[in-house]
Amino acid sequence: MRSNLLAAVLSVLVIGNGAFLGAGTAQADSATESASDIRLVIENQIDAFRRDDGVEAFSYASPSVQRRFRSADTFMQMVQTGYPQVYRPRAVEFQGLDIETGRAVQRLFFIGPDGAGALALYFMEQQRDGSWKIDGVQLRRLRDTAT
């Protein structure tokens, strides 16, 4: 079972390593220099989810995500139902920070409340003031990871 988990994670990570193709150098440099800032934004949002602090969790979302969901309550409902691994993770592990089509993408591995693993791609957006916001999350559920 553990070898299946490792094989699944490694295959997803190997496929994801080609993400720097076509990236702009300035965006890549900015994201690389800001890796700790990006990580802190994501950690703070996950912590806000754990505390059920919707207002704080929503504050880490990009302006376009905030416009789409309009309120912290609507945003939290979406996360609770659509992203249980992110909302109530058993475990979180930061993976690589890449640039895909000019956007910073932070990869995280989650073990959800049901014990299933998922790879999350956090699409990050740098704001005019230099801060980073989360502009979307894409989950890729991994097979054979339930414990």
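Quick note: structure is the one above.
This structure is a prediction, so every number in the text was calculated from the model and none was measured.

What follows concerns the packing of aromatic side chains. Using the criterion set out here, one finds four aromatic pairs in the structure. Considering the side-chain rings of phenylalanine 58 and phenylalanine 75, the 5.3 Å spacing of their centres and the 45° angle between planes classify their relative orientation as tilted. Note that phenylalanine 58 is positioned in helix α4 (residues 54–59) and phenylalanine 75 in helix α6 (residues 72–82), a separation of 17 residues in sequence. Under the relative-accessibility criterion, phenylalanine 58 is labelled buried at 11%.

Let us look at the nonpolar core. By size, the foremost hydrophobic cluster in this structure holds 29 residues, and its most contacted members are Ile42, Phe49, Phe75, Tyr122 and Met124. Ranked by residue count, the leading element in this core is helix α3 (residues 35–50), at six residues. With sequence-adjacent residues up to four places away left out, phenylalanine 75 is seen in contact with Gln45, Phe49, Ala57, Phe58, Val65 and Phe69.

Moving on to the environment of methionine 78. Looking at the secondary structure, you find methionine 78 in helix α6. On the basis of relative accessible area, methionine 78 is assigned to the partly exposed category, the value being 22%. If sequence neighbours within four positions are ignored, methionine 78 has contacts with Phe69 and Tyr83.

In space, the four strands of this open sheet follow the order β1-β2-β3-β4, with antiparallel pairing throughout. Each end of this open sheet is capped by a strand with a single partner; those strands are β1 (91–100) and β4 (132–141). Direction aside, the axes of adjacent strands within the sheet are offset by 25° on average. The strands that α3 touches are β1, β2 (103–111), β3 (117–126) and β4; relative to β1, the one it contacts most, it runs at about 140°.

Attention now moves to the pattern of salt bridges. Two side chains carrying opposite charge are able to pair once their charged atoms lie near each other. Evaluated as defined, the whole model comprises eight salt bridges. Among the ionic pairs, arginine 51 bridges to aspartate 53, the shortest N-O distance being 3.4 Å. Note on arginine 51: relative accessible area 43%, which makes it partly exposed. For aspartate 53, a relative accessible area of 24% puts it in the partly exposed group. Between arginine 141 and aspartate 114 there is a salt bridge, with its nearest N and O atoms 3.1 Å apart. Separated by 27 residues along the polypeptide, arginine 141 in strand β4 and aspartate 114 in the loop between β2 and β3 bring together distant segments of the chain. Among the residues examined, arginine 141 registers a relative accessible area of 52% and is labelled exposed. Salt bridges sharing partners connect three or more residues here, namely Asp47, Arg51, Asp53 and Glu56.

Calculation criteria
- Residues numbered from 1 in each chain as written.
- Predicted model: local features only at pLDDT ≥ 70, side-chain atom pairs only at ≥ 80, totals over all residues.
- Heavy atoms only, no water.
- Phe/Tyr/Trp six-rings, centres within 6.5 Å; stacked < 30°, edge-to-face > 60°.
- Helix = DSSP H or I, 4+ residues; strand = E, 2+ residues; numbered from the N terminus.
- Buried < 20%, exposed > 50% of the residue type's maximum accessible area, 1.4 Å probe, protein only.
- Core = buried A, V, L, I, M, F, W, Y, C linked by side-chain atoms within 4.5 Å.
- Contact = heavy atoms within 4.5 Å.
- Pairing = 2+ DSSP bridges.
- Axes fitted to C-alpha atoms, helices over the stretch in contact; angles between N-to-C directions.
- Salt bridge = Lys/Arg side-chain N within 4 Å of Asp/Glu carboxyl O.

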